[in-house]
Structures are given as C-alpha cells and as structure tokens.
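Spelled out from the first residue to the last, the chains are:
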Amino acid sequence: MTSRFDDLQELVLKEARKDYSETAIDLFMNPRNHGPMEGADGFGKVTGPCGDTMSMWIRVRDGVIAKASFTTDGCGTSIASASMMTVMATGRTLEDASRIEQNDVLSALGGLPTESEHCARLASLTMKAAVRDYSSSRE
C-alpha cells in the first residue's frame, strides 16, 4: 500500500519528466558532492542573473581536481547543474575543468528547459571562479 505522499511524489515526478531528463531529476533529488568542503584549495562563489548564488570548493592534487563540492540557494535546476559540474570536474586537470562550458553541462544533464539553461552557465562560471581562486593563491 502506498502513502499519499508516495502518490503525490510520483505525480510530481511524472510532470517533471515532461521537461527534465532522468539524469537531471536524479541529480536534483540525490545531489552529488553537496556541502561545504573543509580544507579546500580553491573556492568560488557566483550570483547569477536570476538571483541564485552558487558556491564551489575544490581540492587539487598534482594539478588535478581530486574532489569538488557545492552549495546553492537556488532551485532544483541549480542543484542539478552544480552537482553535474562537480562530477564532470572531478578527475580533470584544472585547465580541462575550466573549459567545461554551459553547453557541456546541458548536454550531460540531457538538456534543460530554455528558461533554466542559465543554471548550467552559473555552474560553469562558479567552477571557473574556484579554479581561478586556486591558481591565484599559488602565484
């Protein structure tokens, strides 16, 4: 027997699947790498044009992002975009991670509705800010 909550959740997910991929829904409901990172080597914080603020932390070992994490006060699409960005950046060199653009995040998420695409750009810009912070602290 299912509860009313389960029925409601399934109804909401059914509606969400009309506009969002399973990947985007999963990353919103089960974000990867969420939360501040103690002892991070780099930090970036960016506020997007919609007012969402995103923060990212990176830990770097031998020029490679060993770990990345995020927080955001934004919507589910911001959460999914930031989560995907941290997944994509982990294991890459700083240079490669800083080349991840909005379209790369959108593609990895299986696309987003046009009105939400800016969230993928915010994730890209925030990772670039974290990489810049790391690089500037090493100069």
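Whatever comes next refers back to the structure up there.
What counts as what
Residues numbered from 1 in each chain as written. Predicted model: local features only at pLDDT ≥ 70, side-chain atom pairs only at ≥ 80, totals over all residues. Heavy atoms only, no water. Helix = DSSP H or I, 4+ residues; strand = E, 2+ residues; numbered from the N terminus. Buried < 20%, exposed > 50% of the residue type's maximum accessible area, 1.4 Å probe, protein only. Contact = heavy atoms within 4.5 Å. Areas by Shrake-Rupley, 256 points an atom, 1.4 Å probe, with all protein chains shown as cover. Arc of directions from axis to C-beta. Axes fitted to C-alpha atoms, helices over the stretch in contact; angles between N-to-C directions. Parallel < 35°, antiparallel > 145°, perpendicular 65-115°, else oblique. Nonpolar A, V, L, I, M, F, W, Y, C, P; charged D, E, K, R; others polar. Salt bridge = Lys/Arg side-chain N within 4 Å of Asp/Glu carboxyl O.

1. Concerning the overall build of the protein
Thought 1: In terms of helices and strands, the protein carries 6 helices and 3 strands.
Thought 2: Secondary structure elements of the protein occur, N-terminal to C-terminal, as α-α-β-β-β-α-α-α-α.
Thought 3: Within the protein, buried positions represent 44% of all 139 residues.
Thought 4: Pairs at least 24 apart in sequence give 59% of the contacts found in the protein among residues at least 6 apart.
Thought 5: Summed over all atoms, the accessible surface of the protein reaches about 7600 Å², with 50% contributed by carbon and sulfur.

2. Brief notes about helix H5 (residues 102-109)
Thought 1: Of all the positions in H5, only Val 105, Leu 106 and Leu 109 are classed as buried. Axial view of H5: buried residues confined to an arc of 100 degrees, hence all on one face. In H5, the exposed residues that point more than 90 degrees away from the buried face are Asn 103 and Ser 107.
Thought 2: Considering only its buried residues, H5 is in contact with helix H2 (22-29), helix H3 (76-89) and helix H6 (118-137).
Thought 3: After H5 finishes, the residue Gly 110 shows a positive phi value of roughly 80 degrees.

3. Some details on the packing of H3 against H5
Thought 1: One can describe the packing of H3 onto H5 by two numbers: an axis separation of 10 Å at closest approach and a directional angle of 100 degrees. Between H3 and H5, the crossing angle belongs to the class labelled roughly perpendicular. Note on element contacts: H5 touches H3 through Asp 104, Val 105, Ala 108 and Leu 109, opposite Ala 80, Ser 81, Met 84, Met 85 and Met 88.
Thought 2: Classifying every residue of the contact of H3 with H5 gives 7 nonpolar, 1 polar and 1 charged.

4. Quick word on the pattern of salt bridges
Thought 1: In this structure the tally under the stated criterion is 6 salt bridges.
Thought 2: Linking Asp 26 and Arg 32 is a salt bridge whose minimum nitrogen-to-oxygen distance equals 2.5 Å.
Thought 3: With a closest N to O distance of 2.2 Å, Glu 95 and Arg 99 form a salt bridge.
Thought 4: Because the salt bridges share partners, they merge into one network encompassing Asp 41, Arg 61 and Arg 138.

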